[in-house]
Amino acid sequence: MSSNAPVIAAVDGSEHSLVALQWARGAALRHGAELLIVHVLPDHAQLYAGRRASLHDARQPDEFADPVGEWVRGVLGEGPTLPDGVRYESLEGSVPEALRVIGSGALMLVMGSRGRGGFASLLLGSSSRAVASTAPCPVVVVPHAERNAAATTSEESAGRVVLGLHAAETPDDVLSFAFAEAAVRGTTVQVVSAYAVPPAPALVIDRPFEVIPPEGLADEGDGVPAEREMLRSQTERLAPLRTRYPDVSVEQAAVPGDAAGRLVDASRSAALVVVGRHHPRRTAMSLQIGSVAHAVLHHAHGPVAIVPTLKDDV
């Protein structure tokens with residue numbers, strides 16, 4: 001990723017996109033990056049532009065009025081500190097395609113979980129889902145207010161970057177994104193992996209996940225074999241990232257059963273949950289987004305980063 005890659009905020013003038021814009025502003029400041037604010041023009045504005053171009057009618061204004069652009073300027077003028085570089089662009093085309101194109105080479109693309117057209121009961125809008133499934137850069141989806149409630153309990157993940165890790169399959173790009181985010185935030189990466197539980201009554205009892213430091217993985221320690229093996233696999237996979245980011249503290253957690261459910265629980269107090277878009281061995285005919293990423297996107301209580309691999313760059 002280029003060192004001057006921008007943070008992109010996709011907005012539509014809704015309150016949901018305002019939350020995303022503020023999140024993107026903070027991300028750009030933390031990374032020392034440019035903030036690029038984009039708005040995909042509605043269909044009627046795009047039709048106007050096409051009609052004017054085809055008719056060459058000089059009596060018509062050069063551009064269709066863009067109230068979202070005025071809204072952005074007003075929000076930025078009243079808001080807190082801004083990054084050094086801030087730009088606004090209006091885009092044409094469908095929302096997923098326009099954002100896919102402009103997202104090439106971006107540090108990340110930030111958007112709300114739903115826009116103006118979403119029903120109040122929707123957990124995730126169609127545009128957010130489509131962009132998270134196809135964009136060539138990491139996509140951060142910031143949930144609407146009804147889902148982004150403050151945590152009411154003190155949890156291990158409070159303020160941390162939570163990384164959903166399949167030790168054997170999660171691409172390196174996902175780990176790198178999580179550690180880079182933790183580094184600029186000065187916080188901890190909490191790594192959560194799930195292991196299968198056999199169908200024995202004594203082992204399927206639900207329990208809170210345990211955070212274990214590497215030194216706690218001695219052979220004589222406690223814990224079921226599957227849990228300890230998962231933690232060892234985590235440790236091996238995380239070793240290069242610990243070397244690259246020596247100032248980032250790491251907490252490891254192995255949980256039985258459902259990884260998505262545990263990540264959703266952790267999202268209540270996490271600064272960010274990071275998951276891969278899908279397993280690298282999927283083919284073009286497979287689902288564009290994996291089951292864990294899909295579930296976390298729909299149900300998380302805080303911001304979620306969906307990180308693609310380079311193979312997803314179409």
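See the structure shown above.
Residues numbered from 1 in each chain as written. Predicted model: local features only at pLDDT ≥ 70, side-chain atom pairs only at ≥ 80, totals over all residues. Heavy atoms only, no water.

Draft legend 1. Quick look at the pattern of salt bridges. With the rule as written, the count across this model stands at seven salt bridges. The closest approach of N and O atoms between Glu251 and Arg160, which form a salt bridge, is 3.3 Å. With a gap of 91 residues between them, Glu251 in strand E9 (residues 250-256) and Arg160 in the loop between strand E5 (139-142) and strand E6 (161-164) connect regions that are remote in the sequence. Using a relative accessible area of 19% as the deciding quantity, one classes Glu251 as buried. Connected through shared salt-bridge partners, Glu34, Arg87 and Glu89 make up one network. (Salt bridge = Lys/Arg side-chain N within 4 Å of Asp/Glu carboxyl O. Helix = DSSP H or I, 4+ residues; strand = E, 2+ residues; numbered from the N terminus. Buried < 20%, exposed > 50% of the residue type's maximum accessible area, 1.4 Å probe, protein only.)

Draft legend 2. Molecular detail of the nonpolar core. Val7, Met108, Val110, Leu163 and Val274 are the most contacted members of the largest nonpolar core, which totals 43 residues. Counting residues per element, this core draws most heavily on helix H1 (residues 15-31), which supplies seven residues. (Core = buried A, V, L, I, M, F, W, Y, C linked by side-chain atoms within 4.5 Å.)

Draft legend 3. Layout of the side chain of Thr170. Assignment of secondary structure puts Thr170 in the loop between E6 and helix H6 (172-185). Within the structure, the side chain of Thr170 is placed 2.7 Å from the backbone nitrogen of His166, a separation counted as a polar contact. The residues contacting Thr170, other than those within four sequence positions of it, are Gly164, Leu165, Leu175 and Arg237. (Polar contact = N/O pair within 3.5 Å; in protein donor to acceptor, adjacent residues only side chain to side chain. Contact = heavy atoms within 4.5 Å.)

Draft legend 4. Main features of helix H4 (residues 95-102). The complete set of buried residues in H4 reads Ala98, Leu99 and Ile102. On an axial view of H4, the arc spanned by its buried residues comes to 95°, and they lie on one face. Looking at the buried side of H4, the elements it contacts are strand E1 (7-10), strand E2 (35-40), strand E3 (86-91), strand E4 (108-112) and helix H5 (126-134). The N-capping residue of H4, defined by a side-chain oxygen 3.4 Å from the backbone nitrogen of Glu97, is Ser94. (Arc of directions from axis to C-beta.)

Draft legend 5. Looking closely at the environment of Asp265. Structurally, Asp265 is set in helix H8 (residues 259-266). Classification of Asp265 as partly exposed rests on a relative accessible area of 42%. In the structure, Asp265 is positioned 31 residues away from Val296 in sequence and 9.6 Å away in space, judged by C-alpha atoms.

Draft legend 6. Quick peek at the packing of H1 against helix H3 (residues 67-78). Relative orientation of the contacting elements H1 and H3 amounts to 50°, with a least axis distance of 12 Å. In terms of their interaxial angle, H1 and H3 are classed as oblique. In terms of crossing hand, the pair formed by H1 and H3 is right-handed. Taken together, the residues of H3 that come into contact with H1 (itself represented by Ser17, Leu18, Leu21 and Gln22) are Trp71, Val75 and Leu76. (Axes fitted to C-alpha atoms, helices over the stretch in contact; angles between N-to-C directions. Parallel < 35°, antiparallel > 145°, perpendicular 65-115°, else oblique. Left-handed = near helix turned anticlockwise from the far one by under 90°.)

Draft legend 7. Broad picture of H5. Here H5 has its buried residues at Ser128, Val131, Ala132 and Ser133. For H5, the secondary structure elements touched by its buried residues are H4, E4, E5, helix H9 (291-299) and strand E11 (304-307).

Draft legend 8. Summary view of the packing of H6 against helix H7 (residues 225-244). Where H6 meets H7, the axes come as close as 11 Å, and the angle between the chain directions of the two elements is 40°. As the angle between them shows, H6 and H7 are arranged oblique. Handedness of the H6/H7 crossing: right-handed. Along the contact surface, H6 presents Asp172, Leu175, Ser176 and Phe179, while H7 presents Arg237, Leu238, Leu241, Arg242 and Arg244. Taken together, the residues of the contact of H6 with H7 break down into four nonpolar, one polar and four charged. (Nonpolar A, V, L, I, M, F, W, Y, C, P; charged D, E, K, R; others polar.)

Draft legend 9. Fine view of the side chain of Ser17. Structurally, Ser17 can be placed in helix H1. Of note is the side chain of Ser17, whose polar atom sits 3.2 Å from the side chain of Asp12. Residues within four places of Ser17 in sequence aside, it is in contact with Ala10, Val11, Asp12 and Trp71.

Draft legend 10. Fine view of the packing of aromatic side chains. With the rule as written, the count across this model stands at one aromatic pair. A centroid spacing of 5.9 Å and a plane angle of 35° characterise the contact between Phe179 and Tyr245, whose relative ring orientation is tilted. Taken together, the positions of Phe179 in helix H6 and Tyr245 in the loop between H7 and E9 put the pair 66 residues apart, joining distant regions of the chain. Side by side, Phe179 and Tyr245 carry an identical accessibility label, which is buried. One cation-aromatic arrangement involves Arg30 over Trp23; the distance from NZ or CZ to the ring centre is 5.6 Å. (Phe/Tyr/Trp six-rings, centres within 6.5 Å; stacked < 30°, edge-to-face > 60°. Lys NZ or Arg CZ within 6 Å of the ring centre and 35° of its normal.)

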